[in-house]
Each structure stands twice: as C-alpha cells, then as structure tokens.
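Structural characterization, general
Listed here are the chains, written in short residue letters.
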Amino acid sequence: VHFWLLTAMALLMSTGMTGVVIHCVPLLRDHGLDPDAAARIAGLIGLASVAGRITVGGLLDRQPATRVAVGIFSLAALGILVLRAGMVPAVAALAIGLAYGAEIDLLAYLSARYFGCASFSSIYGWQYSIFAVGSGFSPWWIGKLYELNGGYGLPLLLCAGLAGGAAMLALWLGTFGPVRASAP
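Just so it is clear, the structure is predicted and the values come from calculations on it, not from any experiment. (Residues numbered from 1 in each chain as written. Predicted model: local features only at pLDDT ≥ 70, side-chain atom pairs only at ≥ 80, totals over all residues. Heavy atoms only, no water.)

**Quick look at the nonpolar core**
Among the nonpolar cores identified, the biggest contains 57 residues, and Phe73, Leu106 and Leu110 are the most heavily contacted of them. Put simply, the parts of the chain that give this core at least two residues each are helix 1 (2–22), helix 2 (24–30), helix 3 (35–62), helix 4 (65–85), helix 5 (89–149) and helix 6 (153–171). By residue number, the principal contributor to this core is helix 5, which donates 19 residues. In contact with leucine 110, not counting residues within four places along its chain, are Leu6, Met9, Ala65, Ala69 and Leu173. (Core = buried A, V, L, I, M, F, W, Y, C linked by side-chain atoms within 4.5 Å. Buried < 20%, exposed > 50% of the residue type's maximum accessible area, 1.4 Å probe, protein only. Helix = DSSP H or I, 4+ residues; strand = E, 2+ residues; numbered from the N terminus. Contact = heavy atoms within 4.5 Å.)

What follows is the structure in structure tokens.
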C-alpha cells in the first residue's frame, strides 16, 4: 500500500507543481505584471526551493514524516490558490518554491523509511521515474488548458487540487517501522 501511495503522491505533486513553476512568468504577465516584476517573482521560487530543501530536512528530524508531507503538500495547494487569485504573488511564489524544493527530498526520505536501504534504489528509482513523467506532462497540459480556456484559472485550480490530493494521500501513509539495513 505504501508503495502505491508514494507513487500516486509523486505523480500528483509533480503534475501539480512543475507546470506552475514553468508557466510562472506568463501566468504573472496575465495577472498584469510587467516582465521584470514577473521574472523577479518567479526567481523567488528558485530561492525558496533551496530553503525548502533545507527546511524539510530539519522538519523531518523533528516531526512525524506524514505531518511534514501533509504540511508541504498543503502549502503547495495554498500557494497555487493564492497565485490563482492574483493576491500577493510574491507570497504565493515563496509558498510554491518551498514546496517545490521539498517535494522530491520528502519522497526520497519516505521511500527510504518505508522500504529500507536494501530496497531503496529500485523503489526510489520507480518513484522518481513517475515524478519525472508528471513533471514532463505538467507544462504541456497546463498550456493546453490555457489555450482551451483562455486563461490560467482552471489549470491552477486543478493543480491546487492535485497538490491537495497528495496531502490527502499522505494522511493515509501511517507510521513506518524500523529501518531495514539489508534485505530480509
């Protein structure tokens, strides 16, 4: 069950987040920002993603992993909704960036903890492959929805739903047992 929950979480988060990051500048331009302001705000995503990687590591040392996952994925959904509403785009970019930096590190941590070191490479390789599929698909489908709807409203709503769905799945993960150093 954990394997499929992590697989679904990887797909939902990468599909919900990557396209938002890639479409950030045109999206902000649609909200009326000039190119320089849109680029500066998009740059905040990159800076916040570095902070997200560091922050998630510290949180995982101190908090249950499922709580951290729910918080990170919920932060992503909230940031996307704030971006959709056009309210405080810099705050939205920071929230999205923090989650964007944390998501793949969180997936690696959860894979290692649920399945141990002996299985880590094959399981995480699968999880990362699914993550990459979502990351590759995301910009395309957001662009298609933009063309069909004439705006980013629907794609952003769907992306927030995907991130929220990942948060809901994280609630079902439960606790993990002791870490296995080798195969049984």
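**Considerations on the packing of aromatic side chains**
This structure, assessed with the given rule, holds 9 aromatic pairs. Taking 4.9 Å as the distance between ring centres and 90 degrees as the angle between the ring planes, the aromatic pair formed by phenylalanine 3 and tryptophan 4 counts as edge-to-face. Pairing phenylalanine 137 with tryptophan 140 gives two aromatic rings, centres 5.6 Å apart and planes at 40 degrees, and the pair type is tilted. Placement of the pair is phenylalanine 137 and tryptophan 140 together in helix 5, with a separation of 3 residues, close to one helical turn. On the accessibility criterion, phenylalanine 137 (41% relative accessible area) is partly exposed. What links up through ring pairs into an aromatic cluster is the set Phe3, Trp4, Phe115 and Trp126. (Phe/Tyr/Trp six-rings, centres within 6.5 Å; stacked < 30°, edge-to-face > 60°.)

**Describing the side chain of serine 14**
Its place among the elements puts serine 14 in helix 1. On the basis of relative accessible area, serine 14 is assigned to the buried category, the value being 0%. In contact with serine 14, other than residues within four places in its own chain, are Glu103, Ile130, Phe131, Gly134, Ser135 and Ser138.

**Things to note about the pattern of salt bridges**
With the rule as written, the count across this model stands at 2 salt bridges. The partner of arginine 53 in a salt bridge is aspartate 105, and the shortest N-O contact between them spans 2.7 Å. Taken together, the positions of arginine 53 in helix 3 and aspartate 105 in helix 5 put the pair 52 residues apart, joining distant regions of the chain. Look at aspartate 105 and you get partly exposed, because its relative accessible area is 25%. Between glutamate 147 and lysine 144 there is a salt bridge whose closest N-O contact spans 3.6 Å. One end of the pair, glutamate 147, and the other, lysine 144, are both in helix 5, 3 residues apart, so they sit about a helical turn from each other. On the basis of relative accessibility, which here comes to 58%, the residue glutamate 147 falls in the exposed class. According to the relative accessible area criterion, lysine 144 is partly exposed, its value standing at 36%. (Salt bridge = Lys/Arg side-chain N within 4 Å of Asp/Glu carboxyl O.)

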